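Residues per chain, in single letters:
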Amino acid sequence: MSCQHIRQMLDAWIDHELDDVTSAELAEHITHCTTCSAIRAERLKLRRLVKSGAPYFVASNSLRQSISQKLAVAANQQQHALIVTPPVRLNSNRRTWWQMAGLVTFASLASSALTVWILHLSVANNVPTIQAQLIEQHVASLANPKRMVDVASTDRHTVKPWFQGKLDFAPTVADLADAGYTLLGGRLEKIESQPTAVLIYQTRKHPISLFMTRATATKPMSVNTIRGFSVANWASGGVEFYVVADTDLIEVERLATLLQVLH
Amino acid sequence: VQDGSTLARFEATVLTHLDAAHNLARWLTQNDAAAEDAVQDACMRAFRFFDAMQGVSPKAWFMTIVRNTCMDYLREQKRVGSTVEFDEVQHTVDDVYKSASLDSPECAAIRKAEARDIHRAISKLPIDFREVIVLREFEEMSYKEISSVVNIPIGTVMSRIARGRDLLRDALGEARLKAAS
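The numbering scheme is per chain: residues are counted from 1 as the chain's sequence reads. Written order decides the labels, with chains lettered from A and ligands numbered from 1. With pLDDT at 70 or above as the cut-off, local features in this predicted model cover only qualifying residues; side-chain atom pairs require 80 or more to be listed or tallied, and sums for whole chains, interfaces and linings still use all residues. Only hydrogens and water are set aside when side-chain values are computed; all heavy atoms of the structure are taken into account.

A.B. asks: Could you clarify how one ought to interpret the pattern of salt bridges in this entry?
C.D. replies: Side chains that differ in sign of charge can pair as their charged atoms come close. By definition here, a salt bridge exists when the distance from a side-chain nitrogen of Lys or Arg to a carboxyl oxygen of Asp or Glu is within 4 Å. Under the criterion given, the structure shown has 22 salt bridges over all chains. Notably, a salt bridge pairs B:Lys59 with B:Glu139, separated by 2.9 Å at the nearest N-O pair. Here B:Lys59, found in helix H4 (residues 58–79), pairs with B:Glu139, found in the loop between helix H8 (127–137) and helix H9 (143–150); they are 80 residues apart in sequence, far enough to count as distant. The residue B:Glu131 makes a salt bridge to B:Arg67 at a minimum N-O spacing of 2.8 Å. Residue B:Glu131 is found in helix H8, and its partner B:Arg67 is found in helix H4; the two are separated by 64 residues along the sequence. The same class applies to B:Glu131 and to B:Arg67, which are both buried. Among the ionic contacts, a cluster of salt bridges with common partners joins A:Asp11, A:Asp15, A:Glu42, A:Arg43, A:Arg47, B:Arg136, B:Glu137, B:Arg165, B:Asp166, B:Arg169 and B:Asp170. Going along the chain from the N terminus, every DSSP run of H or I of four or more residues is numbered as a helix, and every run of E of two or more is numbered as a strand. Each residue is assigned to one of three classes by its accessible area relative to the maximum for its type, calculated with a 1.4 Å probe on protein chains only: buried under 20%, partly exposed between the two thresholds, exposed over 50%.

Below, the structure is given as structure tokens:
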């Protein structure tokens, strides 16, 4: 074998990727060719340098914890979904409709449980002025399609970066298309002097506004019906959420539960 | 039908490679937050598709998902025009060496400046070479596994590793390689 030929295979050789016969030929050549032998030595040094000198970025404890929590939720969902998961192709990142059906089944089970204790909570409460204000916002934005969204996109990877640098918290921008909620886009509002992210989703022709502002405390979900509008409100992870729509309470609750479960 | 041990099986076969996944994601995205997001997304996808697991090994399968998730992120960054400038990556690299967190025994053995140069040299590699070098040098994956993760023929894996090492050698300079023992 020529030196040039040897050098083409040198890396595969030091990585033990060559068959025995070829390996033996290379070893033979190296013993009497000082140039190729020097190149091999340099390669081994380089490999050692990279291994010992470059950082290895291990996963942080907070990342581990966060993944464990999400997996526990997902595992729970799978157990609640009385549907066998069909084989899915690796490169597909969309859920099949029946996986989604399972998720929605779980979400509605969870939400009906919530309804029981939430309903008697919300009856006792007065209509908070902020919710009335959000309904005004919701209606006003629908009346003027130009005002509805500043960034029009069904892609959360377009909408989320649009908010960068405009808010003092990270808004949740979820892709819920498979659950029947199409993202139409987002805009920025100031509500009670708080910078507020607004996302518009649509389900069966009903637009839904999702308002997000910064929260200092967590708050369990509550739902309300005000003048025929349904409002769900909760706070978690430093963000306060309001879902406003003219659909029935169940619809708003389902979306709210999906958002809670997924994020 | 899902049984209670699915999560346990997932943890034992897939999640055990979480450090490897994070290391790959961090080298590909060159950004802490993006790497964590990508790994988290990849874990959820892997869990969802766990029943459909296939390929050379669980590790290669998981790394494929991590790699694809990172590529989606990088493509998106490019599309919205917020590609991280190379200078920025270099600042990040420099910051790592200012902090004390890297004072592991492995790093103590080598001079900090040298470690920084190696880090820089790898960061500077075009991504096609960087990914195969990371999979080979850190994870010691076989060419066959790398071929399945990156979805390229084994011959291409071979030539990319060789070319990647050539680029690293050029970046580090002969002096550094001669001085290193």
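A.B. asks: What is the right way to look at a negative patch on the surface in this model?
C.D. replies: All names here are of chain A. A cluster of acidic side chains, namely Asp19, Asp20, Glu25 and Glu28, defines a negative patch on the protein surface. In this structure, Glu28 sits in helix H2 (residues 20–32). A relative accessible area of 48% places Glu28 in the partly exposed class. Put simply, a patch holds well-exposed residues, over 30% relative accessible area, that have no salt bridge, with like charges counted together within 9 Å and Val, Leu, Ile, Met, Phe, Trp or Tyr side chains within 5 Å. Surface accessibility follows the Shrake-Rupley procedure with a 1.4 Å probe radius. Residue values consider only the protein chains on display as shielding. Within this scheme the basic residues Lys and Arg register as positive and the acidic residues Asp and Glu register as negative, but His and the chain ends are omitted. By convention, the point assigned to a charge is CZ for Arg, NZ for Lys, CD for Glu and CG for Asp.

A.B. asks: What's the story with the packing of helix H1 (residues 6–13) of chain B against helix H3 (residues 32–48) of chain B in this structure? I'm lost.
C.D. replies: Residues and elements named next belong to chain B. Interhelical geometry of H1 versus H3 gives an angle of 125 degrees and a closest axis separation of 11 Å. Relative to H3, the element H1 is oriented oblique. For H1 against H3, the interelement crossing comes out right-handed. Residues Thr6, Leu7 and Phe10 of H1 form the contact with H3, whose own contacting residues are Cys43, Ala46 and Phe47. Polar here means any residue outside two lists: the nonpolar Ala, Val, Leu, Ile, Met, Phe, Trp, Tyr, Cys and Pro, and the charged Asp, Glu, Lys and Arg; Gly therefore counts as polar. In terms of residue class, the contact of H1 with H3 is built from 5 nonpolar, 1 polar and no charged. Lines fitted to the C-alpha atoms define the axes, with helices restricted to the stretch that makes contact. Angles between their N-to-C directions range from 0 to 180 degrees. Here the angle decides the label: under 35 degrees means roughly parallel, over 145 means roughly antiparallel, 65 to 115 means roughly perpendicular, and every other value means oblique. Helix crossings get a hand from a simple test, with the near helix turned counterclockwise from the far one by less than a right angle marking a left-handed crossing and a clockwise turn marking a right-handed one. Residues count as neighbours in contact if any of their non-hydrogen atoms are within 4.5 Å of one another.

A.B. asks: Please explain the pairing of strand S3 (residues 194–203) of chain A as it appears in this structure.
C.D. replies: Two faces, one strand: in a regular strand the side chains alternate between the faces of the sheet. Residue and element names in this part refer to chain A. With respect to burial, S3 is a largely interior element, 8 of its 10 residues being buried. Two strands are counted as paired when DSSP detects at least two bridges linking them. Here strand S2 (residues 182–191) runs beside S3; their pairing, made up of 9 bridges, is antiparallel. Note on S3: the bridge partner recorded for Gly185 is Ile200. Pairing of S3 with strand S4 (residues 206–214) involves 7 bridges; the strand directions are antiparallel. Residue Val198 lies in a different strand from S4, and its bridge partner there is Phe211. The hairpin formed by S3 and S4 contains 2 residues between the paired strands, and Arg204 there has a positive phi angle of roughly 40 degrees.

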